[in-house]
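Understanding the architecture of this molecule
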Amino acid sequence: MTAYFLPDGRQITGALTVRLGQQTRTGQWIEKPAAKYECLLCEVTVTMTGAEAVTRFTQTIRHLHRDTCPGAPTQQGAHAA
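Now for a quick tour of the structure. Per chain, residues are indexed from 1 in the order of the written sequence. Note on the predicted model: pLDDT of at least 70 is required for a residue's local features to be given, and 80 or more for side-chain atom pairs to be given and counted; whole-chain, interface and lining totals, by contrast, use all residues. Note that water and hydrogens are dropped before the side-chain values are worked out from all heavy atoms of the structure.

**Overview of the pattern of salt bridges**
To keep things clear, this is the line we draw: Criterion for a salt bridge: a side-chain nitrogen of Lys or Arg within 4 Å of a carboxyl oxygen of Asp or Glu. Each helix is a run of DSSP H or I of at least 4 residues and each strand a run of E of at least 2, with the numbering of both proceeding from the N terminus. For every residue, the accessible area obtained with a 1.4 Å probe (protein chains only) is divided by the maximum for its type, and the residue is called buried under 20%, exposed over 50%, and partly exposed between those limits.
Summed over the entire model, instances satisfying the criterion amount to three salt bridges. In this structure, the salt-bridge partner of Arg19 is Glu31, at a minimum N-O distance of 3.1 Å. With Arg19 in strand 3 (residues 14-19) and Glu31 in strand 5 (residues 29-31), this residue pair connects regions lying 12 residues apart in the sequence. Residue classification places Glu31 among the partly exposed residues on the basis of a relative accessible area of 34%. The partner of Lys36 in a salt bridge is Glu38, and the shortest N-O contact between them spans 3.9 Å. Looking at Lys36, the relative accessible area reads 32%, which means it is partly exposed. Judged by its relative accessible area of 30%, Glu38 is partly exposed.

Structural data, given as structure tokens:
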């Protein structure tokens, strides 16, 4: 799969989904927060569970994955022979 192109020329290369979870009034987790990042370029899926882990994950996954994605376009141009 490749990036999804928008009419204005921008492209969507990944999707981040976050479930906020559910707590009781006493603060006990009924359902823990969870996040999932899906890359459209290399088709990798990364998941994370837990409030603190999801917070860190959502703040960094986009940049961290872009730096290591095997499907991301490179900045290198053609080399002359």
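Text resumes after the structure shown.
**Re the pairing of strand 6 (residues 34-39)**
One face of the sheet, then the other: side chains in a regular strand alternate in exactly this way. Basically, it comes down to this: Here the rule is simple: two strands pair whenever DSSP picks up at least two bridges between them.
Summarising the sheet, strand 3 and strand 6 pair through six bridges and their orientation is antiparallel. Looking at strand 6, one finds that Arg19 is bridged to Ala34. When strand 6 meets strand 7 (residues 45-49), the two strands line up antiparallel, connected through five bridges. Residue Lys36 lies in a different strand from strand 7, and its bridge partner there is Thr47.

**Brief notes about the sheet that holds strand 3**
We count it as follows: Angles run from 0 to 180 degrees between N-to-C directions of axes, and those axes are lines fitted to C-alpha atoms, restricted for helices to the stretch in contact. Whether two residues touch is decided by their heavy atoms; if any such pair falls within 4.5 Å, the residues are in contact.
Read across the open sheet, the three strands follow the order 3-6-7; overall the sheet is antiparallel. Looking at which strands have only one partner, the edges of the open sheet turn out to be strand 3 and strand 7. Going from strand to strand, the sheet's axes swing by 10° on average, the running direction of each strand aside. Seen against the sheet, helix 1 (residues 51-68) touches strand 3, strand 6 and strand 7 and runs at an angle of roughly 10° to strand 6.

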